[in-house]
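# Descriptive analysis of the structure
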Amino acid sequence: MTSHYTYLIRTFWFGFVASLVAALLSVVLIGFLLFPLIAIWFGVRSVMSLLKAQRREPMPDPETLLF
């Protein structure tokens, strides 16, 4: 279960930092394109973790930023 905690904590913090960067880049209109991508990335990672937790499987690589 610790792999799920690590995976979700990293998902939260990287999503938070990416959202801050996107907010700063919104001044030049690039950030508005990043917000949907960050939301999709966050949602996919969260759902993947929940599905693996239901099956009681560990996360294969909780340190990755990919899916």
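The structure contained in this document is the topic of the report that follows. Just so it is clear, the structure is predicted and the values come from calculations on it, not from any experiment.

The rules behind each value
- Residues numbered from 1 in each chain as written.
- Predicted model: local features only at pLDDT ≥ 70, side-chain atom pairs only at ≥ 80, totals over all residues.
- Heavy atoms only, no water.
- Helix = DSSP H or I, 4+ residues; strand = E, 2+ residues; numbered from the N terminus.
- Buried < 20%, exposed > 50% of the residue type's maximum accessible area, 1.4 Å probe, protein only.
- Contact = heavy atoms within 4.5 Å.
- Polar contact = N/O pair within 3.5 Å; in protein donor to acceptor, adjacent residues only side chain to side chain.
- Salt bridge = Lys/Arg side-chain N within 4 Å of Asp/Glu carboxyl O.
- Expected span 1.5 Å × (residues − 1).

Considering the arrangement of structural elements, one finds Ser3 in helix α1 (residues 2-25). Exposure remark for Ser3: the relative accessible area of 13% places this residue in the buried category. Taking the C-alpha atoms as reference, Ser3 lies 9.8 Å from Ala53; in sequence the two are 50 residues apart. Beyond its immediate sequence surroundings of up to four residues, Ser3 is in contact with Pro58, Met59 and Pro62. Separated by 3.0 Å, the side chain of Ser3 and the backbone nitrogen of Met59 make a polar contact.

A few words on the pattern of salt bridges. On inspection of all chains with the given rule, the structure shows three salt bridges. Across the pair Glu63 and Arg10 runs a salt bridge whose closest N-O atoms are separated by 3.4 Å. On the criterion of sequence distance, the pair formed by Glu63 in the segment after α2 (31-54) and Arg10 in helix α1 is long-range, its members being 53 residues apart. The exposure class of Glu63 is partly exposed, given its relative accessible area of 46%. In this structure, Glu57 and Lys52 form a salt bridge, with 3.5 Å as the shortest nitrogen-oxygen distance. Residues joined by salt bridges that share partners form a network here, namely Lys52, Arg55 and Glu57.

On to α2. The terminal C-alpha atoms of α2 lie 35 Å apart, and with 24 residues this matches the ideal 34 Å at 1.5 Å per residue to within 8%. Among the residues of α2, Gly31, Ile38, Trp41, Arg45, Ser46, Ser49 and Lys52 are the ones counted as buried. Of the surrounding elements, those touching the buried residues of α2 are α1. Positive backbone phi, at 60°, marks Arg56, one or two positions downstream of α2.

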